[in-house]
Amino acid sequence: MNDLRIAIMGAEGRMGQQLVRAVAASEGCVVAGATERPGSVAVGKDIGVLAGLGPMGVNVSDNAEAVIAASDAILDFTAPAATLKFADMAACGGIVHVIGTTGFSQEDEAKIRAAAERARIIKAGNMSLGVNLLTAVTRRVSAALDMDFDIEIVEMHHRHKVDAPSGTALMLAHAAADGRGVSLEDTAVRVRDGHTGPRAKGAIGMQSLRGGSVVGDHTVILAGEGERIELTHRAEDRSIFARGAVKAALWGRDKAPGLYSMIDVLGL
Ligand SMILES: NC(=O)c1ccc[n+]([C@@H]2O[C@H](COP(=O)([O-])OP(=O)(O)OC[C@H]3O[C@@H](n4cnc5c(N)ncnc54)[C@H](O)[C@@H]3O)[C@@H](O)[C@H]2O)c1
Ligand SMILES: O=C(O)C1=N[C@H](C(=O)O)CCC1
């Protein structure tokens, strides 16, 4: 089988750099292209040099359409507006689109579902093995406990993060809601301020902290009368997300068009 030709979208970003290194270190795939937003100082530069690996002979382009047309898969950790454009382009080519971007609206999510009728999209708010295991555990524990246990999800990220709650917190909240057999839309509480009154029974709370260089911490708290369970994951290095994204691209190469998650990729 030929090596999977992978393009990195947003190659200059915190995740973009990790993705270049992860693809270069993996068997069965090559870095075939890289993009950045028009006007970025990275455009025209060798992606291997930018990632600290030495020349790779692949320059960063601001022409996403051309890069996608020459790729079998794209790894996309950019921004919602960019990801929606890439989803259309990836759907035209029927290629694998790994979406790590977070912060989508409900309308954005509907557009991604529509693109997945033609592309093979693997999308997750967190691509690490640990968080996807935590997601599976959260679903199970939430199913086992009754509504007398209050569920709160606390996340902390670095000062540059622009969306809240994190994509991971939303994944965990959806898993808790699924486990309980309720809809997250009906039970989520994202903000508390002022005279809130007592906690509503069955609410699933999410709280976001921002500061410093924190890569990503998440805790699911299940608080009952006289006892409390806390399930925590701490990301120490962004390479865990990048390795998951490469695994997802390789997994997706022989799949039918559709919208998949890392739970599918990892078989959890
Ligand atoms: N799913 C996961 O496992 C996971 C892990 C880490 C980060 N993320 C998410 O990935 C996204 C990026 O995070 P980051 O910390 O790398 O951010 P970042 O700001 O460092 O990187 C984003 C990059 O995308 C580029 N970009 C924006 N629009 C573009 C366009 N139209 N074409 C090409 N490039 C474009 C930006 O110039 C920037 O270099 C965020 O949504 C974040 O929440 C997800
Ligand atoms: O750094 C970020 O931004 C991260 N985003 C993802 C999220 O929103 O959960 C994953 C963790 C890091």
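Every value quoted in this text rests on a predicted model; they were computed, and no experiment measured them.

## A look at the site of ligand 2
All residues adjacent to ligand 2 are T102, G125, N126, H157, H158, K161, S166, G167, T168, V215 and F241. Separating an oxygen atom of ligand 2 from a side-chain N or O atom of H158 is a distance of 2.7 Å. Contact between ligand 2 and G167: an oxygen atom at 2.8 Å from a main-chain N or O atom of the residue. Across the complex, the protein chains shield 85% of the 310 Å² of accessible surface that ligand 2 would expose by itself. Split by residue class, the shell around ligand 2 holds two nonpolar, eight polar and one charged.

## Observations regarding the pattern of salt bridges
Counting across every chain of the model gives 12 salt bridges. Here D72 makes a salt bridge to R5, at a shortest N to O gap of 2.9 Å. With D72 in the loop between α3 (64–69) and β4 (73–76) and R5 in strand β1 (residues 4–9), this pair connects stretches of sequence that are 67 residues apart. Here D72 falls in the partly exposed class, since its relative accessible area comes to 23%.

## Brief notes about the sheet that holds strand β9 (residues 204–210)
Strand order in this open sheet of five strands is β8-β9-β7-β10-β11, and the pairing throughout is mixed. Either end of the sheet is taken by a strand with one partner, and the two such strands are β8 (188–189) and β11 (227–235). Note: strand β10 (residues 216–224) against β11, nine bridges, orientation antiparallel. Counterpart to G216 in the pairing with β11 is A235. Seen against the sheet, helix α6 (residues 129–144) touches β7 (150–157), β10 and β11 and runs at an angle of roughly 165° to β11.

## A short note on the UniProt feature "binding site: (S)-2,3,4,5-tetrahydrodipicolinate" (unreviewed entry) in the protein
Taken from the UniProt record, the annotation "binding site: (S)-2,3,4,5-tetrahydrodipicolinate" (unreviewed entry) applies to H158, G167 and T168. Along the polypeptide, G167 turns up in helix α7 (residues 167–180). For G167, the contacting residues outside a window of four places in its chain are T102 and G125. Structurally, T168 can be placed in helix α7. Here T168 falls in the buried class, since its relative accessible area comes to 3%. Not counting residues within four places of it along the chain, the set of residues in contact with T168 comprises G125, N126, V131 and H218.

## Considerations on the site of ligand 1
Close to ligand 1 lie 22 residues; R14, M15, E36, T102 and M127 are nearest. Between R37 and ligand 1, the recorded distance is 2.9 Å, taken from a side-chain N or O atom to an oxygen atom. Between ligand 1 and N126, the relevant distance is 3.5 Å, taken from a nitrogen atom to a main-chain nitrogen or oxygen of the residue. With the chains in place, 80% of the 860 Å² that ligand 1 exposes on its own is no longer accessible. Mapped by element, the contributors of at least two residues to the shell around ligand 1 are α1 (14–24) and α4 (80–93). For the shell around ligand 1, the class distribution of residues is seven nonpolar, nine polar and six charged.

## Thoughts on the UniProt feature "active site" (unreviewed entry) in the protein
On the UniProt side, "active site" (unreviewed entry) is annotated at positions that read H157 and K161 here. Structurally, the position occupied by H157 is in strand β7. Aside from chain neighbours lying at most four places away, what touches H157 is S166, L209, R210, G211, V214, V215, G216 and H218. With respect to the helices and strands, K161 occurs in the loop between β7 and α7. If near-sequence neighbours (up to four positions away) are discounted, K161 is found in contact with T102, S166 and R210.

## Focus on the nonpolar core
I6, I8, L75 and V98 are the most contacted members of the largest nonpolar core, which totals 36 residues. When residues of this core are traced back to their parent elements, those giving at least two are β1, α1, β2 (29–35), β4, β5 (96–99), α9 (239–252) and α10 (262–266). For this core, the element with the most residues is α9, which contributes six residues. Those residues in contact with I6 that lie beyond four places of it in its chain are V23, C29, V30, V31, A32, G33, A73, L75 and A249.

## Focus on the side chain of E36
Tracing the chain through its elements places E36 in the loop between β2 and α2 (47–50). As a buried residue without a salt bridge, E36 has its nearest oppositely charged side chain in R37, at a separation of 4.2 Å. Among the polar contacts made by the side chain of E36, one reaches the main-chain amide nitrogen of A11 at a distance of 3.5 Å.

Scoring rules and cut-offs
- Residues numbered from 1 in each chain as written.
- Chains lettered and ligands numbered in written order.
- Predicted model: local features only at pLDDT ≥ 70, side-chain atom pairs only at ≥ 80, totals over all residues.
- Heavy atoms only, no water.
- Near = heavy atom within 4 Å.
- Polar contact = N/O pair within 3.5 Å; in protein donor to acceptor, adjacent residues only side chain to side chain.
- Areas by Shrake-Rupley, 256 points an atom, 1.4 Å probe, with all protein chains shown as cover.
- Nonpolar A, V, L, I, M, F, W, Y, C, P; charged D, E, K, R; others polar.
- Salt bridge = Lys/Arg side-chain N within 4 Å of Asp/Glu carboxyl O.
- Helix = DSSP H or I, 4+ residues; strand = E, 2+ residues; numbered from the N terminus.
- Buried < 20%, exposed > 50% of the residue type's maximum accessible area, 1.4 Å probe, protein only.
- Pairing = 2+ DSSP bridges.
- Contact = heavy atoms within 4.5 Å.
- Axes fitted to C-alpha atoms, helices over the stretch in contact; angles between N-to-C directions.
- UniProt positions renumbered as here; feature names shortened; annotations may be inferred.
- Core = buried A, V, L, I, M, F, W, Y, C linked by side-chain atoms within 4.5 Å.
- Lys, Arg positive; Asp, Glu negative; His and termini not counted.

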